[in-house]
Amino acid sequence: MGDGGPTGPFLRTIEWDMMDKRKFFPLSMLSSFSVRCALYPLTVIKTQLQVQFRNDVYKGMIDAGIKIYRNEGVPGLYRGFWISSVQIVSGVFYISTYEGVRHVLGQYGANQRAKSLIGGACASLVGQTIIVPFDVISQHAMVLGMRAHGGKNGAVNPLGINFDKESSRLRITRDIAREIMRRDGFAGFYRGYTASLMAYVPNSAMWWGFYHLYQDELLKIVPPWVSHLLVQCVAGSFGGFTTTIITNPLDIVRARLQVQRLDSMSVAFRELWHEEQFHMFFKGLTARLVQSAAFSFSIILGYETIKRVSVNEQYRHLIKW
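Along each chain, the written sequence defines residue order, and numbers are assigned to residues from 1. A pLDDT threshold of at least 70 governs which residues receive local features in this predicted model, and a stricter bar of 80 or more applies before side-chain atom pairs are shown or counted, although totals over entire chains, interfaces and linings include all residues. Where side-chain values are given, they derive from all heavy atoms of the structure, hydrogens and water being excluded.

K.L.:
If you had to explain the pattern of salt bridges to someone new, which residues and values would you point to?
P.N.:
Criterion for a salt bridge: a side-chain nitrogen of Lys or Arg within 4 Å of a carboxyl oxygen of Asp or Glu. In this structure the tally under the stated criterion is 13 salt bridges. Note that Asp 20 and Arg 22 form a salt bridge whose closest N and O atoms lie 3.2 Å from each other. Summary of the burial criterion: residues with accessible area below 20% of their type's maximum are buried, those above 50% are exposed, and those between are partly exposed, where the area comes from a 1.4 Å probe applied to protein chains only. Taking relative accessible area as the criterion, Asp 20 reaches 17% and is therefore assigned buried. With a shortest N-O distance of 2.6 Å, Glu 179 and Arg 182 are connected by a salt bridge. Here Glu 179 pairs with Arg 182, and both are found in helix α7 (residues 169-184), just three residues apart, close to one helical turn. Looking at Glu 179, the relative accessible area reads 15%, which means it is buried. A relative accessible area of 60% means that Arg 182 is categorised as exposed. Comment: elements are numbered from the N terminus, with helices defined as DSSP H or I runs of at least four residues and strands as E runs of at least two.

In structure tokens:
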């Protein structure tokens, strides 16, 4: 419970047992899909920046967006979107795990930040286990046909997929999945799984932890008339910025493991260091920061709005918009 000043006390956090799940789940899936539709081009741009050799193809985020659009139009910015949109399903498991773990820990007296850290980590573990195979396929689709120059890591069609401008997205996706299975078996769909866990489990734990930290600190300094939902959205963006800066090199290693089919994380780190030196900490960072800030703001806007809409009647008088 928070102190709303002149507006009276209000709920800082709407907990799992306070909501009508029949409203929450369908609205959550709709919100997640809408956000991914709007922000997916940033994911494509980020991935292509991460796998290119130095700056041979694109000079930065804006340059990449312009060149992709000029060469392929809007479809180029949505490469691999439909297979990636399966994340909506994993998102249901993610948020259910997060809220469920928070609920259990709350029964044992854990504080808000501990619940957020542990819940975020567990949620990411479940979510990544479901989504990594689709992530592997979608990342191959994102970079397929990307122009590259120089450097042994410049190749962006390591599976040797035959395609042209007339090839349908469904056929390309099917061919990528079939080739992965032929070469590596089922394990091929979990290439980079360890790197994904190392990148996203701490990322998720820190993001939720920072989200509640920033929210608490912002509520101490903003006037009581300021929208609580706005405070939460800003806190989400700050949390996204912070975790993105900390985990950027791990995300690049994950992307390269999955797309360039490197043997291990140590090999990926060595090659990345050889190519980029200290620039590895900033490669694709601008695109990731913009993506993370926009994604965090949008996700929290949808998530916290849906929680307010789904809250049970007995708690509605404690809701502050």
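K.L.:
Please give an account of the side chain of Lys 307 that cites residues and values.
P.N.:
Inspection of the secondary structure assignment puts Lys 307 in helix α11 (residues 285-310). The contact criterion used throughout is that any non-hydrogen atoms of two residues lie within 4.5 Å. When neighbours within four sequence positions are excluded, Lys 307 is seen to be in contact with Thr 13, Ile 14, Met 19, Phe 24 and Glu 99.

K.L.:
Help me get a handle on the packing of aromatic side chains, residues and values and all.
P.N.:
Each Phe, Tyr or Trp ring (for Trp, its six-membered ring) is paired with any other whose centre lies within 6.5 Å, and the angle between the two planes then decides the class: stacked below 30 degrees, edge-to-face above 60, tilted in between. All chains considered together, the criterion is met by 18 aromatic pairs. Between Trp 16 and Phe 25, the ring centres sit 5.9 Å apart and the planes meet at 80°, which makes this aromatic pair edge-to-face. Of the residues examined, Trp 16 reaches a relative accessible area of 15% and is grouped as buried. Owing to a relative accessible area of 25%, Phe 25 belongs among the partly exposed residues under this scheme. Seen from their ring centres, Trp 208 and Tyr 211 are 5.9 Å apart, and the 80° between their planes marks the pair as edge-to-face. Of this pair, Trp 208 and Tyr 211 both sit in helix α8 (residues 193-221), three residues apart, roughly one helical turn. Clustering of aromatic rings is evident, with ring pairs tying together Trp 16, Phe 24, Phe 25, Tyr 98, Trp 207, Trp 208, Tyr 211 and Tyr 303. Here, a charge over a ring is recorded when the distance from Lys NZ or Arg CZ to the ring centre is within 6 Å and its angle to the ring normal is within 35 degrees. Above the face of the Trp 16 ring, Lys 21 is positioned so that its terminal group lies 4.9 Å from the ring centre. For the cation-ring pair, Arg 308 lies above Trp 321, with the distance from its terminal atom to the ring centre recorded as 5.6 Å.

K.L.:
Quick one: what's the story with the packing of helix α1 (residues 21-51) against helix α6 (residues 112-143), residue by residue and with numbers?
P.N.:
Under this scheme, a helix contributes an axis fitted over its contacting stretch, all axes are lines through C-alpha atoms, and angles between N-to-C directions fall in the 0 to 180 degree range. The N-to-C vectors of α1 and α6 enclose an angle of 80°; their axes lie 9 Å apart at closest approach. Considering their axes alone, α1 and α6 lie roughly perpendicular with respect to each other. Listed contacts from α6 to Tyr 40, Thr 43, Val 44, Thr 47, Gln 48 and Val 51 of α1 are Ser 138, Gln 139, Met 142 and Val 143. Residue classes follow a fixed rule: Ala, Val, Leu, Ile, Met, Phe, Trp, Tyr, Cys and Pro count as nonpolar, while Asp, Glu, Lys and Arg count as charged, and any other residue, Gly among them, counts as polar. Tallied by class, the residues present in the contact of α1 with α6 amount to five nonpolar, five polar and no charged. Working definition: roughly parallel below 35 degrees, roughly antiparallel above 145 degrees, roughly perpendicular at 65 to 115 degrees, and oblique for all remaining angles.

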